[in-house]
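# Inside the fold
Listed below are the residues making up each chain.
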Amino acid sequence: MSEELSDADRFLALVAAAQGRDSRLTSIQAGLLVAGEFGIASDSRSFARILGIAHSLVLRELNALAEHEGVLEIVKRDARTMRVHYEVPPRDETL
């Protein structure tokens, strides 16, 4: 049996690590950060589609996360589709 992790397992491990660094993050918020950091998804609709989560739930978590200064930046909102594009700034490993 292979010891290699699947992409999903690696993603979930990264989400758990993000939550380990900041226990205030929900699983979806940590997933948004990991997805943004590793280029998996940089907008709310893509993230919702890839993970099979309701877009409205992703929007709620994304907006809550954007209220934390420096965690991520919302760079564009599409009023027609409600899609929100975001960027995750490089993590400061010295902190």
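Going by the structure above, here's the rest.
### Some remarks on the pairing of strand β1 (residues 73–77)
- With four bridges joining them, β1 and strand β2 (residues 84–87) adopt antiparallel strand pairing. Looking across to β2, one finds that isoleucine 74 is bridged to tyrosine 86.
- Hairpin remark: β1 followed by β2, antiparallel, with six residues in the connecting loop; positive phi at methionine 82, about 70°.

### Some details on the nonpolar core
- Core analysis: the biggest nonpolar cluster contains 20 residues, and Leu32 and Phe47 have the highest contact counts within it.
- For this core, the secondary structure elements donating two or more residues are α1 (7–21), α2 (27–37), α3 (44–51), α4 (55–66) and β2.
- Look past the residues within four positions of leucine 32 in its chain and what remains in contact with it is Phe47, Val58, Glu61, Leu62, Leu65, Tyr86 and Val88.

### Focus: the pattern of salt bridges
- As enumerated under the stated definition, the model contains four salt bridges in all.
- The salt bridge involving aspartate 43 is made with arginine 83; its shortest N-O contact spans 3.0 Å. On the criterion of sequence distance, the pair formed by aspartate 43 in the loop between α2 and α3 and arginine 83 in the loop between β1 and β2 is long-range, its members being 40 residues apart.
- Since its relative accessible area comes to 6%, aspartate 43 is described here as buried.
- Its relative accessible area of 27% is what places arginine 83 among the partly exposed residues.

### Some details on α3
- Turning to α3, its buried residues number three or more, namely Ser44, Ser46, Phe47 and Ala48.
- Where α3 is buried, its residues touch α1, α2, α4 and β2.
- One side-chain oxygen at the N-terminal end of α3 lies 3.1 Å from the backbone nitrogen of arginine 45; it belongs to aspartate 43.
- Two residues or fewer after α3 comes glycine 52, characterised by a positive phi angle close to 65°.

Reading the values: the criteria
Residues numbered from 1 in each chain as written. Predicted model: local features only at pLDDT ≥ 70, side-chain atom pairs only at ≥ 80, totals over all residues. Heavy atoms only, no water. Pairing = 2+ DSSP bridges. Helix = DSSP H or I, 4+ residues; strand = E, 2+ residues; numbered from the N terminus. Core = buried A, V, L, I, M, F, W, Y, C linked by side-chain atoms within 4.5 Å. Buried < 20%, exposed > 50% of the residue type's maximum accessible area, 1.4 Å probe, protein only. Contact = heavy atoms within 4.5 Å. Salt bridge = Lys/Arg side-chain N within 4 Å of Asp/Glu carboxyl O. Polar contact = N/O pair within 3.5 Å; in protein donor to acceptor, adjacent residues only side chain to side chain.

Purely geometric stuff here, so don't read any function into it on its own.
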